[in-house]
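Close look at the chain arrangement
Listed below, chain by chain, are the residues.
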Amino acid sequence: MKYIISLILLASFASIIYGFSINEEDLALSNKCIGFGTVGIFLIAMPLFLIKVSKGKKMKDYMLTEENIRKMQGKEKDHKDKQ
């Protein structure tokens, strides 16, 4: 998976660079190459990377819930226990 993401990223960057290099010769092809490179980075490579990195992690640990706010403040128990 790591190599597939790297390959997509490199191909996308190559497409963007190629699009900027032929900008004056063929404007339509240039815009297509730049667009496909951008789509490759943001709609293909980034979601694949995020799926790979977040595999096996609990999303609840990263959400701002009442329980996590209390943990950050150092208050493990409810205020009811102190009364």
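Heads up: the structure comes first, above all this text.
Residues numbered from 1 in each chain as written. Predicted model: local features only at pLDDT ≥ 70, side-chain atom pairs only at ≥ 80, totals over all residues. Heavy atoms only, no water.

Moving on, we get to the overall build of the protein. Each helix and strand counted, the protein has three helices and zero strands in total. Tracing the protein from N to C terminus, the helices and strands come up as α-α-α. The globule rule puts the C-alpha radius of gyration for 83 residues at 12 Å, and the 23 Å found for the protein is more than 25% above it. Along the longest, intermediate and shortest principal axes, the C-alpha atoms of the protein span 75 × 25 × 15 Å. Sequence-distant contacts, at least 24 apart, represent 43% of the contacts inside the protein between residues at least 6 apart. Here the protein has roughly 7,100 Å² of accessible surface; of this, 65% comes from carbon and sulfur atoms. The positive charge centre, built from 13 side chains, and the negative charge centre, built from 9, are 10 Å apart in the protein. (Helix = DSSP H or I, 4+ residues; strand = E, 2+ residues; numbered from the N terminus. Rg over C-alpha atoms; globule rule 2.2 N^0.38 Å. Contact = heavy atoms within 4.5 Å. Areas by Shrake-Rupley, 256 points an atom, 1.4 Å probe, with all protein chains shown as cover. Lys, Arg positive; Asp, Glu negative; His and termini not counted. Charge placed at Lys NZ, Arg CZ, Asp CG, Glu CD.)

All right, on to the pattern of salt bridges then. Summed over the entire model, instances satisfying the criterion amount to three salt bridges. Across the pair Lys 71 and Glu 67 runs a salt bridge whose closest N-O atoms are separated by 3.5 Å. Of the two residues, Lys 71 and Glu 67 are both situated in helix α3 (residues 66-73); the distance of four residues between them amounts to about one turn of the helix. Judged by its relative accessible area of 44%, Lys 71 falls in the partly exposed class. Classification of Glu 67 as partly exposed rests on a relative accessible area of 42%. Salt bridges linked by common partners bring Lys 60, Glu 67 and Lys 71 together as one network. (Salt bridge = Lys/Arg side-chain N within 4 Å of Asp/Glu carboxyl O. Buried < 20%, exposed > 50% of the residue type's maximum accessible area, 1.4 Å probe, protein only.)

For helix α1 (residues 2-21), which comprises 20 residues, the first-to-last C-alpha distance of 29 Å matches the rise-based estimate of 28 Å (1.5 Å per residue) to within 8%. Ile 5, Ser 12, Ser 15, Ile 16 and Gly 19 are the residues of α1 that are buried. End-on view of α1: buried residues confined to an arc of 95°, all on one side of the axis. Exposed and oriented more than 90 degrees from the buried face of α1 are Lys 2, Tyr 3, Leu 7, Leu 10, Ile 17 and Ser 21. (Expected span 1.5 Å × (residues − 1). Arc of directions from axis to C-beta.)

All we've got here are geometric facts, nothing functional implied.
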